[in-house]
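# An overview of the molecular structure
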Amino acid sequence: MATEKQQLETAFKHIKYYYPEFREPQVKTFVSGLNQDLLVSDSLLVFGIDFFIGKGASYRPDTYDYILKRYERPNMVPAAMLLLSNRFNKTNFLERGLLAEMVNTGKAYYFVKSIMPCAPDSTIIGYSGQQLADVHHNEGRIWAHFIEQKLLYEKNPFVVNKYIGERPNTPEIDPTSPGRLGTWVGWQIVRRYMERNPKVTLQELMADDDHQKIFNESKYKPEKRK
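Now for a description of the structure that goes with this document. (Residues numbered from 1 in each chain as written. Predicted model: local features only at pLDDT ≥ 70, side-chain atom pairs only at ≥ 80, totals over all residues. Heavy atoms only, no water.)

### Some remarks on the overall build of the protein chain
Per the secondary structure count, the protein chain includes 11 helices and 3 strands. Computed over the C-alpha atoms, the radius of gyration of the protein chain is 18 Å, within 12% of the 17 Å expected from 2.2 N^0.38 for a compact globule of 226 residues. With respect to the principal axes defined by its C-alpha atoms, the protein chain has extents near 50 × 40 × 30 Å. Put simply, the protein chain has 226 residues, and 49% of those count as buried. Residue pairs at least 24 apart in sequence account for 61% of intrachain contacts in the protein chain once pairs closer than 6 positions are excluded. Only carbon and sulfur atoms are counted for the fraction: they give 52% of the accessible area of the protein chain, which is about 12400 Å². A distance of 3 Å separates the average location of the 31 positive side-chain charges in the protein chain from that of its 27 negative side-chain charges. (Helix = DSSP H or I, 4+ residues; strand = E, 2+ residues; numbered from the N terminus. Rg over C-alpha atoms; globule rule 2.2 N^0.38 Å. Buried < 20%, exposed > 50% of the residue type's maximum accessible area, 1.4 Å probe, protein only. Contact = heavy atoms within 4.5 Å. Areas by Shrake-Rupley, 256 points an atom, 1.4 Å probe, with all protein chains shown as cover. Lys, Arg positive; Asp, Glu negative; His and termini not counted. Charge placed at Lys NZ, Arg CZ, Asp CG, Glu CD.)

### Some remarks on the packing of helix H4 (residues 98-115) against helix H8 (residues 157-164)
Where H4 contacts H8, the axes come no closer than 10 Å and their chain directions differ by 30°. Taken together, the axis directions place H4 and H8 in an arrangement best described as roughly parallel. Regarding H4 and H8, the two cross each other, and that crossing is right-handed. Judged by residue contacts, Leu98, Glu101 and Met102 of H4 engage Val160, Tyr163 and Ile164 from H8. (Axes fitted to C-alpha atoms, helices over the stretch in contact; angles between N-to-C directions. Parallel < 35°, antiparallel > 145°, perpendicular 65-115°, else oblique. Left-handed = near helix turned anticlockwise from the far one by under 90°.)

### Topic: the nonpolar core
Within the largest apolar cluster, 60 residues are counted, with the highest numbers of intra-cluster contacts made by Ile15, Met81 and Phe146. For this core, the leading source of residues is H4, giving 9 residues. With residues near it in sequence (within four places) discarded, Ile15 still touches Phe22, Met81, Leu84, Phe88, Phe111 and Ile115. (Core = buried A, V, L, I, M, F, W, Y, C linked by side-chain atoms within 4.5 Å.)

### Concerning the pairing of strand S3 (residues 44-48)
Remember that side chains alternate between the two faces of the sheet whenever the strand is regular. Burial analysis of S3 places 4 of its 5 residues in the buried class, the great majority of the element. One ladder, built from 5 bridges, connects strand S1 (residues 26-30) with S3; its direction is parallel. Across the sheet, Lys28 pairs through a bridge with Val46, a residue of S3. Where strand S2 (residues 38-40) lies against S3, 3 bridges are found, and the strand directions are antiparallel. The partner of Leu38 across the bridge, within S3, is Phe47. Counting the residues that bridge the hairpin from S2 to S3 gives 3 residues. (Pairing = 2+ DSSP bridges.)

### Here's the deal with unusual backbone geometry
Of note in this structure, Leu34 is not a glycine but carries a positive phi near 60°. Checked against the element boundaries, Leu34 lands in the loop between S1 and S2. You can call Leu34 partly exposed: its relative accessible area is 26%. Within the chain, Arg180 stands out as a residue other than glycine whose phi angle is a positive 60°. Along the chain, Arg180 falls in the loop between H8 and helix H9 (181-196).

### Topic: the sheet that holds S1
Pairing in this open sheet of 3 strands is mixed, and the strands run S1-S3-S2 from one edge to the other. Either end of the sheet is taken by a strand with one partner, and the two such strands are S1 and S2. Put simply, the sheet's adjacent strands are angled 10° from each other on average, direction ignored. Contacts from helix H3 (residues 76-84) reach S2 and S3, with the element oriented near 40° to S2.

### Topic: the packing of helix H1 (residues 2-18) against H3
Relative orientation of the contacting elements H1 and H3 amounts to 30°, with a least axis distance of 10 Å. Relative to H3, the element H1 lies roughly parallel. The two elements H1 and H3 meet at a crossing, and its hand is right-handed. For the pair formed by H1 and H3, the contact residues are Glu4, Gln7, Leu8, Ala11, Phe12 and Ile15 on the first element and Val77, Met81 and Leu84 on the second. The class makeup of the residues in the contact of H1 with H3 is 7 nonpolar, 1 polar and 1 charged. (Nonpolar A, V, L, I, M, F, W, Y, C, P; charged D, E, K, R; others polar.)

If you want it as structure tokens, here you go:
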């Protein structure tokens with residue numbers, strides 16, 4: 001696991017740069033019997049490597065195909081770092097509207113990209129390369145859906161989960177679009193916010209639980225392609 005070891009060393013160095021008090025967790029691997037993919041605590045990071053063997057494995061996790069595609073070796077470390085980001089990602093637990101969930105998840109993706117700058121966006125969010133190209137191409141159309149349907153301040157958990165939770169696609173926008181589109185849009189909002197505020201550090205971003213401020217100052221408004 002030389003590749004994964006190098007990825008972890010690089011990620012931990014980056015975290016240490018932003019958070020000098022950070023202590024690297026002990027890293028272990030085990031064969032879980034397809035019961036546990038990842039375990040992250042303050043002192044321990046465990047990979048259930050039988051989850052990530054890939055398409056050639058005789059036995060694969062018992063889950064939907066669209067989730068199964070993410071259980072590939074290149075996704076191991078980004079997935080672990082996404083879990084690790086929860087330690088630093090301050091959120092307002094009283095805010096469960098769609099925009100809040102979008103920005104909170106966007107901060108998590110931004111954190112992973114910051115500590116794993118060489119990792120493709122596709123492995124961080126778990127989209128295929130084609131899916132990622134398609135959502136970038138249709139960014140304006142996707143955003144128009146959220147605005148036209150007045151979804152940003154929607155608090156109904158069922159509706160919020162349509163755009164944040166696990167689904168094979170988002171038919172409300174397009175049957176061919178991937179699921180979790182709200183999380184991808186949240187990532188773009190956070191990216192735009194950080195581009196417009198270059199003096200804000202990663203540590204300050206992750207400690208900021210004012211999702212409305214982040215959204216307002218991002219000035220996020222992609223144009224809809226004709």
